[in-house]
Amino acid sequence: MKTGKQKALNILMNVLLIIYAVFALFPLIWMVMISFKSDTEVFTTTFAFHPTLANYKEVLLRSDYGRYILDSVIVSGGAVLVSIIVGVPAAYALARYNFPRKEDLAFQILSYKFAPEILVVLPLFMIYQKLGLYDSYLGLIWVYQLISLPLLIWVVRGYFEDISVEIEYAAQVDGYSWYQIFFKMLVPLIKPGLVSSALLAFIFAWNSFTFPLILSSNKVYPVTVAIMKYLGTDSAHYGQLAVASTVSALPAVIFALCIQKHLVRGLSFGAVKG
Amino acid sequence: MAAKKNGNDKSEFNTVPFSTRVRPYLIVAPSLIITIGIMVPFAMAIWYSLTNYSFKLPTHKFIGISNWVNMLGDASFWGAVKISLLYGVISTVLEMLIGLGVAILLNNLNNGLSKVLRVLLVFPLMIAPVTATIVWQLMLNSSVGIVEKLLNKFGVYNFPWAAAPGTALMTVIIIDVWINTAFIILLVLAGLQSLPKSPFESAKIDGGSAWFNFTNLTLPMLKPSLYIALLFRFMAALQEYAVIFALTKGGPGDSLMSLSLTAYQKGFKFQKFGAAIPYILVLWLIINIAAKKIVKLQRTAQKQAAGLEE
């Protein structure tokens with residue numbers, strides 16, 4: 001039974017959400033509109049203009065933009081994959097076990113996130129050149145761990161800590177092996193944290209600018225660096241810039257759409273939290 | 001609270017076999033090995049702060065703490081500390097409040113609108129911050145921007161936005177909020193989705209009000225996730241560079257010269273890398289202290305939340 005008060009509250013909530021959505025989405029709509037405008041029309045503020053595909057042709061057909069996107073997918077995707085493989089077990093250990101200096105270790109991992117990039121990147125440039133990691137996929141995937149790993153470990157750790165250890169014992173007693181317990185029972189429970197932090201880690205790695213700017217050049221050329229080309233020194237090509245950024249957002253958008261249904265906590269076999 | 005696998009007191013810990021004791025370290029080790037290499041550049045940077053290191057000079061020599069002394073004697077240093085803190089605190093607080101509010105709306109309104117917006121509202125994060133800032137710059141342009149046209153309808157003309165020292169900070173913060181609130185929304189929404197159902201079911205039977213349920217159940221159980229979001233957002237906001245640089249390069253005047261921007265300017269524009277590093281290390285120290293404090297709060301909240309869920 002819905003009372004009048006509840007109905008009014010419901011309407012208010014929808015209105016507030018729409019107000020925020022307008023604020024959040026309008027600049028994106030504006031950007032997509034600019035991507036269809038010629039350079040002479042960029043500064044018009046009416047919604048009527050002569051749409052053109054010239055910017056798309058210029059960016060997508062007359063440059064290696066597809067290759068830059070692919071490079072970004074490889075390094076950002078690779079970075080997240082490595083972070084999941086080494087980070088999820090680490091998060092589990094930091095949540096489940098009690099061992100001396102545990103909190104210090106966790107803080108050590110966190111501290112990589114606030115190591116100022118500019119401080120790290122110049123010495124790293126010299127080290128990378130000595131190790132042969134300069135301008136390589138592996139080199140960027142490695143340095144991106146500073147961006148993706150702390151976030152993933154700290155978010156996922158919290159989700160592991162929410163799961164009672166008793167249900168793990170119970171499953172052990174019932175004769176399930178450790179990987180059955182891990183993949184069938186624990187993974188569904190940590191899923192919202194795992195997929196949301198993986199998406200955020202992917203986005204931050206994707207948007208990273210300082211690292212690829214200084215640690216790579218020709219062989220590996222992520223989009224964030226490539227986009228800067230459209231901001232030429234004397235004449236900025238806003239239309240092409242808008243195309244470049246619209247297209248460069250697509251992989252993250254696809255990622256977000258894919259994980260959407262996993263953002264809701266999964267049901268693991270009969271397990272309840274707490 | 002659930003008992004930990006290895007027991008809680010030290011004497012018990014010492015009786016477990018060695019192989020069990022080292023297991024957690026072995027599991028954490030790959031993460032540390034991968035990232036530990038970063039300590040080398042960090043140590044090198046501290047050394048450089050004691051030299052006259054510059055890209056222009058072929059060699060560098062030890063000059064003691066004079067870079068540090070110069071920085072502390074520089075009036076612009078204290079201004080930069082203030083701007084970094086103002087920017088970090090105001091933008092983070094706004095993003096936390098708006099992000100929490102929007103996440104709750106998305107969670108409570110289980111209609112088509114909220115389902116679509118759950119995906120769409122994350123999009124601002126996916127645009128490179130520099131490009132996002134340029135789009136805002138076009139929108140805020142004080143003669144031909146669309147926002148100006150909108151303000152004209154309300155009788156406001158030539159609002160200066162980033163062009164005047166008085167409104168520049170507000171302008172970068174608006175852009176920062178636009179980009180990064182999505183970060184909070186996503187983490188808090190995931191936190192809300194993973195709350196256990198049973199405490200709410202028993203509260204329903206007890207007949208508590210919605211507000212009572214929110215402050216006594218939702219908030220305490222959500223707190224650990226909120227602190228994680230706060231931690232990562234605040235650390236990044238204190239370091240923010242891209243938005244300010246793309247918008248005004250630190251101007252007008254030095255009204256937006258934060259610690260990061262001052263350091264970049266000294267390091268790259270004036271080519272004095274050695275002199276730039278102390279600014280970054282001060283920033284690092286501020287973030288370190290803030291992070292320690294937030295982590296402590298997070299650990300306490302996590303323990304309390306675990307108790308609530310029993």
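Within each chain, residues carry numbers counting from 1 in the order of the written sequence. Written order decides the labels, with chains lettered from A and ligands numbered from 1. Predicted model: local features are reported for residues with pLDDT of at least 70 only, side-chain atom pairs are reported and counted for 80 or more only, and whole-chain, interface and lining totals are derived from all residues.

**Regarding the overall build of chain B**
Summing up its helical and strand segments, chain B has 14 helices and zero strands in all. Going residue by residue from the N terminus, the α and β elements of chain B occur as α-α-α-α-α-α-α-α-α-α-α-α-α-α. Oriented by its inertia axes, the alpha-carbon framework of chain B measures out at about 65 × 65 × 30 Å. Here chain B holds 310 residues, and the buried ones make up 42% of them. Contacts are defined on C-beta atoms placed from the backbone: any two residues whose C-beta positions lie within 7 Å are in contact. Considering only contacts within chain B whose residues lie at least 6 apart along the sequence, 71% involve residues at least 24 apart. A run of H or I in DSSP becomes a helix once it reaches four residues, and a run of E becomes a strand once it reaches two; helices and strands are each numbered from the N terminus. Using C-beta atoms placed from the backbone, we call a residue buried if 20 or more other C-beta atoms fall within 10 Å of its own, exposed if 12 or fewer do, and partly exposed for counts in between.

**Digging into the overall build of chain A**
Helices and strands together make up the secondary structure of chain A, namely eleven helices and zero strands. Taken from the N to the C terminus, the helices and strands of chain A come in the order α-α-α-α-α-α-α-α-α-α-α. Each radius of gyration reported is based on C-alpha atoms, and the globular scaling rule is 2.2 Å times the count of residues to the power 0.38. Taken over the C-alpha trace, chain A has a radius of gyration of 23 Å; the compact-globule value for 274 residues is 19 Å, which it surpasses by more than 25%. Seen along its three principal axes, the alpha-carbon backbone of chain A occupies a region of about 70 × 70 × 30 Å.

**Concerning the interface of chain A and chain B**
Between chain A and chain B, the residue contacts involve 79 residues of the former and 79 residues of the latter. The biggest single contributor to the side of chain A that touches chain B is helix α1 (residues 4-35) of chain A, with 13 residues. Here the side of chain A that touches chain B is composed, by residue class, of 58 nonpolar, 15 polar and six charged. Residue polarity is assigned by list, with Asp, Glu, Lys and Arg as charged and Ala, Val, Leu, Ile, Met, Phe, Trp, Tyr, Cys and Pro as nonpolar; anything else, Gly included, falls into the polar class.

**A short note on the packing of α1(A) against helix α7 (residues 129-140) of chain B**
Angles run from 0 to 180 degrees between N-to-C directions of axes, and those axes are lines fitted to C-alpha atoms, restricted for helices to the stretch in contact. Two elements in contact, α1(A) and α7(B), have axes whose closest approach is 10 Å; the angle formed by their N-to-C orientations is 90 degrees. Judged by the angle between their axes, α1(A) and α7(B) are roughly perpendicular. Within the contact between the two elements, α1(A) uses A:P27, A:W30 and A:M31 and α7(B) uses B:V135, B:W136 and B:M139. By the definition adopted for this analysis, an angle is roughly parallel if under 35 degrees, roughly antiparallel if over 145, roughly perpendicular if from 65 to 115, and oblique otherwise.

**Some remarks on the environment of A:Y238**
Residue and element names in this part refer to chain A. Inspection of the secondary structure assignment puts Y238 in helix α11 (residues 238-259). Classification of Y238 as buried rests on a count of 24 C-beta atoms within 10 Å. Y238 sits 204 residues away from I34 along the chain, and the two C-alpha atoms are 7.3 Å apart.

**Let's talk about the nonpolar core**
What makes a nonpolar core is a set of buried Ala, Val, Leu, Ile, Met, Phe, Trp, Tyr and Cys residues, with links drawn between C-beta atoms within 7 Å. A:Y144, A:A201, A:F202, B:V188 and B:I280 are the most contacted members of the largest nonpolar core, which has 174 residues in total. If you tally residues by element for this core, the top one is helix α9 (residues 165-193) of chain B, at 17 residues.

**Considerations on the confidence of the model for chain A**
The quantity known as pLDDT measures the predictor's confidence residue by residue, on a range of 0 to 100. When pLDDT is averaged across chain A, the result is 86; 94% of the residues are at 70 or more. Confidence drops under pLDDT 50 across residues 268-274 of chain A; counting only partners more than four residues distant or on other chains, this segment forms 19 contacts.

**A short note on unusual backbone geometry**
A negative phi angle is the norm for most residues apart from glycine, just as the trans form is the norm for most peptide bonds. All names here are of chain B. The phi torsion at W161 lies on the positive side, around 45 degrees, for a residue other than glycine. Inspection of the secondary structure assignment puts W161 in the loop between α8 (146-153) and α9. For K249, which is not glycine, the phi torsion reads 55 degrees and is therefore positive. Examined against the element boundaries, K249 turns out to sit in the loop between α12 (242-248) and α13 (259-269). Take K249: there are 14 C-beta atoms within 10 Å of it, and that puts it in the partly exposed class.

**Brief notes about the environment of A:K5**
With respect to the element layout, A:K5 can be found in helix α1. A sequence separation of 118 residues divides A:K5 from A:P123, and the C-alpha atoms of the two residues are 62 Å apart.

**Here we look at the confidence of the model for chain B**
All names here are of chain B. Summing up the model confidence of chain B, the mean pLDDT is 85 and the portion of residues at 70 or higher is 94%. Per-element mean pLDDT across chain B ranges from 53 in helix α1 (residues 10-15) up to 94 in helix α5 (residues 75-108). This stretch, residues 1-12, has a pLDDT under 50; its non-local contacts, to residues over four places away or in other chains, come to 18 contacts. Across the assembled chains, the prediction reports ipTM 0.87 with pTM 0.88.

**A word on the packing of α1(A) against α11(A)**
All names here are of chain A. At a closest axis distance of 7 Å, the pairing of α1 and α11 adopts a crossing angle of 120 degrees. Comparing their axes, α11 and α1 come out oblique. Helix-helix and strand crossings are classified by hand; for α1 and α11 the assignment is left-handed. From α1, M31, V32, I34 and S35 reach across to α11, where they touch Y238, G239, A242, V243, S245 and T246. Here the contact of α1 with α11 is built from residues that sort into six nonpolar, four polar and no charged. When the near helix sits turned anticlockwise from the far one by under a right angle, the crossing is termed left-handed; a clockwise turn instead gives a right-handed crossing.

**Looking at the environment of A:L53**
Within the fold, A:L53 resides in the loop between α1 and α2 (54-61). Residue A:L53 is classed as exposed on the basis of its 11 C-beta neighbours within 10 Å.

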